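Given next are the chains, with one letter for each unit.
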Amino acid sequence: MTAIADSASGEPRARGSFYFRYMVEPYLYLSPAIILIALVMLVPLAIGISYAFQSVNLLRPFQSGWVGLENFQTLWNDRKFWLALTNTFWWTLGSITFQFFLGLGLALLLNTQFYGKRLVQALVFLPWAVPTFLSALTWAWLFNPTIGPLPHWLAALGILSEPFNILGDPNLAMWGPITANVWFGIPFFAITLLAALQSIPGELYEAAEIDGASSWQMFTKITLPFLAPMIAITVMLRTIWIANFADLIFVMTGGGPANSTQILSTYIFTTAFRKLDFGYASAIAVALLGLLLIYAVILLVLRRKLVKI
Amino acid sequence: MARIELHNIAKAYGSVEVMRDINLTIEDGEFIVLVGPSGCGKSTLLRMIAGLEPITDGDFRIDGARMNEIPPRDRDMAMVFQSYALYPHMDVSRNMGFSLEIRKAQKEERGRKVAEAAQTLGLASLTERLPRALSGGQRQRVAMGRAIVRDPSAFLFDEPLSNLDAALRVEMRLEIARLHQRLNATMIYVTHDQVEALTLADRIVVLNAGDIQQVGTPLDLYERPSNKFVAQFIGSPTMNILGVVQSEGGVKLKDGTVLNVGSETGQRQAHELGVRPEHLDVVAEEAAHMRGVAELVEHLGSDTNIHAKIPGVGPVLVRQHGHFPMKTGDAVNIAVDLEKAHLFGPDGVRLAA
């Protein structure tokens, strides 16, 4: 009884500070995390975006200041931007398609039982562990006919008329970084999809087998619906990473020849750190950010509509 | 409709043989229950029949045709799994109609059959729910519905009721019995619960350590168990087993009492006496075969279980019908129903009596 009386007598004081208790106090406890996140994420983001509306050029330090949408006007009329955007599209689409389907195939293979599975599983992970810079250099050398075997093999297969370096051909150069990126990105899909595959209860396949399903029907009616959430989230993440992924292209082709492998992220990098025009680079980055946000929203809506688990 | 024959079926995992020389014929329309303790191989046997587990050796036939190498989808059997194995991304009606969907049956036919099954199982109002929105009993019904819709030649049940609570289990047991009456299909049912076995089965197959111990009707198993294992496995509470030696005019208990049973044991020596708690009776002292003290008395209402300790013989459980006025520590005098006692040889085999 005394306990109840005590809390009752404490009630008016608490009601008096209702505003503090429910509106302020929770945020007080959250504030260390909020401040940290704001400092390392939001503040740089805001500053970066604000550059897009300023003239920040280290070569013209006295002309800095707010310029409104001038950077975006330049962007709209920049032929190189549209070229880079097209290249980004093909670079992302090519990479993600091959990475996904090969990764899925590999995951399905790794989900079966065979001798030496653990070793193979470890080896599959290896490309992921190699530093990007190193793999880019290696692939650039592999495509070089003087030291690499690839052009000779491609010529022998009749794909190339003669062994030349495809990285030097504006029509073919993009395939170089895409190949390297596919090699680099397969493990990610293989490992994440393998984890999803292994979480499917084996009994469902047994039930389906008894219900009369063929292997293909089991794949389309059980495996795919179970993988769908993982597929949606990994494809989205990888698309965003690949669209922003400049290292391979920068090392292998530097955006050349004749800007044929210039994607938005390499263009941003060159604009910012070669031309030292941070304002314009920021404007390109904001455009890329906007496009990727739209893409992510579309994918998330699709995911909600299609995925039932 | 199917007559299922197992001839010398064997199962080995690598070099470990878990099952050998299983012979069993299941008649068309029969309800067979495979029962045994965990690890006895009953589920493995069922999975071999379903085709989910390869048969190492022997001959498995359905209606005379060898089926060993036929994949599950061509065996025309439906199976209800212990965990139900419902497809979590499909609603109830799609779960039930999945086999028809696979066989590309007409949409109207599919809808009609699913609706029919849902009606009989009381699922009609739930057809659009996903399995995760169902209770355990409802999931169990959906799993059964999935089997019914297929209209298979045989139903396989792998401990279908073990995940349900006691009340629901009794209800679903009745439903399965009704289902068998209505469809008159061959059913093979695996359980470790002897009550399910005794209530559902036309014939029970008792398995232990990969061997068939006995095949028979529930009453056969209860009245004429072929060995000590079956005798102790079937019946609740468990049969009392008392050590005896063969002697003039019957068998002699360890305390020297001679019981007049087993005149027809032939050449073989009785080693143990088995008598069910319900075949023991508390009597007046002069009519008793055994005299001891009640160590624990359980009043169950319908029955009274008396755990008695008999000096020189050991613990004995007596079941008295109804409420029996006895309490712990009371003296207890027990008479054995000699007609219903069993004798077992040293190898555990029941001696003809």
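Here the structure is shown first, and the text comes after it.
Residues numbered from 1 in each chain as written. Chains lettered and ligands numbered in written order. Predicted model: local features only at pLDDT ≥ 70, side-chain atom pairs only at ≥ 80, totals over all residues.

## As for the overall build of chain B
Scanning chain B from N- to C-terminus turns up nine helices and 21 strands. In terms of its C-alpha atoms, chain B occupies a principal-axis envelope of roughly 75 × 45 × 35 Å. In chain B, which comprises 353 residues, the share counted as buried stands at 42%. Counted over contacts in chain B with a minimum sequence separation of 6, partners at least 24 positions apart contribute 64%. (Helix = DSSP H or I, 4+ residues; strand = E, 2+ residues; numbered from the N terminus. Buried ≥ 20, exposed ≤ 12 C-beta atoms within 10 Å, placed from the backbone. Contact = placed C-beta atoms within 7 Å.)

## Brief notes about the pairing of strand β8 (residues 186–191) of chain B
All names here are of chain B. Judged by how many residues are buried, β8 sits mostly within the fold: six of six residues are covered. Residues T186, I188 and V190 line one face of β8 and the alternating positions M187, Y189 and T191 line the opposite face, and both faces are buried. Sheet topology note: the strand β3 (residues 31–35)/β8 ladder contains five bridges and is parallel. Looking across to β8, one finds that F31 is bridged to M187. Bridging between strand β7 (residues 154–158) and β8 involves five bridges; their strand directions are parallel. (Pairing = 2+ DSSP bridges.)

## Things to note about the interface of chain A and chain B
Listed by partner, the interface residues are 14 residues for chain A and 17 residues for chain B. For the side of chain A that touches chain B, the leading source of residues is helix α10 (residues 202–210) of chain A, giving six residues. Broken down by class, the residue content of the side of chain A that touches chain B amounts to seven nonpolar, two polar and five charged. (Nonpolar A, V, L, I, M, F, W, Y, C, P; charged D, E, K, R; others polar.)

## Considering the sheet that holds β8(B)
Residues and elements named next belong to chain B. Read across the sheet, six strands follow the order β6-β7-β8-β3-β9-β10 without closing on themselves; strand pairing throughout is mixed. The strands lining the two open edges of the sheet, one partner per strand, are β6 (77–80) and β10 (211–216). Neighbour-to-neighbour, the strand axes of this sheet turn through a mean angle of 15 degrees, independent of strand direction. On the sheet, helix α5 (residues 136–150) packs against β6 and β7 and is oriented at approximately 175 degrees with respect to β6. (Axes fitted to C-alpha atoms, helices over the stretch in contact; angles between N-to-C directions.)

## A short note on the packing of helix α7 (residues 132–142) of chain A against helix α9 (residues 175–198) of chain A
Residue and element names in this part refer to chain A. Here α7 crosses α9 at 130 degrees, and the two axes come no closer than 10 Å. Taken together, the axes of α7 and α9 lie oblique to each other. For the crossing formed where α7 meets α9, the hand is right-handed. Here S135, A136 and W139 of α7 come into contact with α9, specifically with G176, T179, A180 and F184. (Parallel < 35°, antiparallel > 145°, perpendicular 65-115°, else oblique. Left-handed = near helix turned anticlockwise from the far one by under 90°.)

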